[in-house]
Each structure stands twice: as C-alpha cells, then as structure tokens.
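# Geometric and topological summary
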Amino acid sequence: MTDVGFWTVPPDRMVRGSMGHCNLTVLLPPFDVDARAFPANDPVRAAEFAASFGTVDAVLEEIGPRSVLDVPYPDTRADLDIVQAAGWGHVLGISDPALADDGNDTPLLTEARTLRERYPDARIVGVHFHGGASHTEDVVWLPDGAMFHAAGWPGDEPFEVTGDPFAIASALGISTEALHDLGLDEEDPADVEWADFAALALGKADPWGWGQIQTTAFRVRHTEFATSTMEDQYFTGG
C-alpha cells in the first residue's frame, strides 16, 4: 500500500466544502487544570496517539508543529491526509478531517466509544462544528459513564440528543447561568450551540482556543472505511 492509500481520486482534486473544526480531547485526571499550563506537546506521544486512532491506518510522515488554531481547512484531497495530534502531559487531543460528518454517520461518537474503553478514567469531549450551514456533532463522556451526544443540522429537524445535558452540567459544576446563556433551558435543541456546551465540559482544560498551544501535524493513511466515507462526503456526496 502506497501513501495514496485507499483513495480513488487524485491528490490535487479540489474538495467540495470544508470540514469546519473537528476534534476529540481525552482529559485524564486531574481534571482541574488550565490548558495554558499544559506541558509542551510531546511529538512521540502525539504520533502514538494518531497511529492508534480508529480512522488512521498508518502514520506516514511527521510534518511538524502547528498551533491548535491552525485548523487544516482542506482545499485538495491531499489536505485530507493531514491530522493534528498532541500529547500534553495527561491530556491527549486530535483533529482529523475524517471526523467530519454530513448526517449519515456519527464518527465522533464511534471514536469516543473506543477511547472510552481505552481510557475509562478520562473525560472525553468531541466537537464538530462549522461556521456555515453544516452538520454538527458533539459528545461529552464522563468517567462514571454518564454520556451526552447531540447530532444534527443546526436550526433544522431531525436533531438527535442522547443523554441529559443538565445531568452532565450538574456533575461538572457548570452554572445554571452558563446553561441559560446557551439557551439550554428554553431553546429548541436544534438551535443550541452544542459545541459551546462541549467546551464548558472541558472548562479551563480546553486546549483548542489558545494560539500558543501546539500540536504536531502528520500525514497519514486513513483506513479504508474512513477514506470511503470522506470520498463520498468531500467529492461525490450530495
């Protein structure tokens, strides 16, 4: 298998649309930490985490450090082979275009389920959002097994919500004022910014909003299933 992997389209083929922001964070104890005080990213641990991820068949090349704010909006098929991963001490993170979805699957939930088995003591938070009219998926999974998952098209139906966000908020000490600001107590679920709720679940440990926090970018060969899904979504899907 070459670095072309399972693709049937050439690397310079322009993609249709962009993935927005897709990431999964594995926060191991202690949970009460500030992302700005994280240890520097360890590229070796980042590579190990990327290689073990369910959408990745193999890590082919280390490209180098990138800020978490340097979101890899893909222009061509070759850009879809780039993931960003990090090991910040007891916190792991990954951003992968294979986590984007158009409503046919729940890739964040699928990968969170696997990570839950590997890291049963972790708080696992996944986010996929886009600034425009795009499918969103968000998941919060706590060590005690409590889980919340939202998926759908913002402002549209059907919008699926599994679990109790208020129970999650209570367990994490998220204030009622914060929930009110998000509209959880009065808005239709399809109108709630669930990515913001997921960010609250990480609290100060949320690494994805600080330009000084670094990941490592890797060129990977995605699995056959992940490649097929991306090919349909980015090139041939409706």
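Above this text you will find the structure in question.
Now for a quick tour of the structure. Worth saying up front: this structure is predicted, and the values here are computed from it rather than measured.

Below, the discussion takes up the side chain of Arg116. Looking at the secondary structure, you find Arg116 in helix H2 (residues 107–118). Buried within the structure, Arg116 lacks any salt-bridge partner; its nearest side chain of opposite charge belongs to Asp144, at an N-O separation of 6.2 Å. At 3.0 Å, the side chain of Arg116 forms a polar contact with the backbone oxygen of Leu142. Sequence-distant contacts of Arg116, defined by excluding residues within four places in its chain, comprise Ala122, Ile124, Trp141, Leu142, Pro143, Asp144 and Gly145.

Turning next to the pairing of strand S7 (residues 147–152). When you tally the buried positions in S7, you get 5 out of 6 residues, the bulk of the element. In this structure, strand S6 (residues 136–141) lies alongside S7, joined through 6 bridges in antiparallel fashion. When the sheet's bridge partners are listed, Val140 is paired in S7 with Phe148. Where S6 folds back on S7, the antiparallel hairpin that results is connected by 5 residues, among which Gly145 adopts a positive phi of roughly 100°. Alignment of S7 against strand S8 (residues 159–162), held across 4 bridges, turns out to be antiparallel. Among the inter-strand pairings, Ala151 is bridged to a residue of S8, identified as Glu160. Taking the residues that link successive antiparallel strands as the turn, the S7-S8 hairpin has 6 residues, and the phi of Gly155 there is positive, at about 75°.

Cut-off values and rules
Residues numbered from 1 in each chain as written. Predicted model: local features only at pLDDT ≥ 70, side-chain atom pairs only at ≥ 80, totals over all residues. Heavy atoms only, no water. Helix = DSSP H or I, 4+ residues; strand = E, 2+ residues; numbered from the N terminus. Buried < 20%, exposed > 50% of the residue type's maximum accessible area, 1.4 Å probe, protein only. Lys, Arg positive; Asp, Glu negative; His and termini not counted. Salt bridge = Lys/Arg side-chain N within 4 Å of Asp/Glu carboxyl O. Polar contact = N/O pair within 3.5 Å; in protein donor to acceptor, adjacent residues only side chain to side chain. Contact = heavy atoms within 4.5 Å. Pairing = 2+ DSSP bridges.

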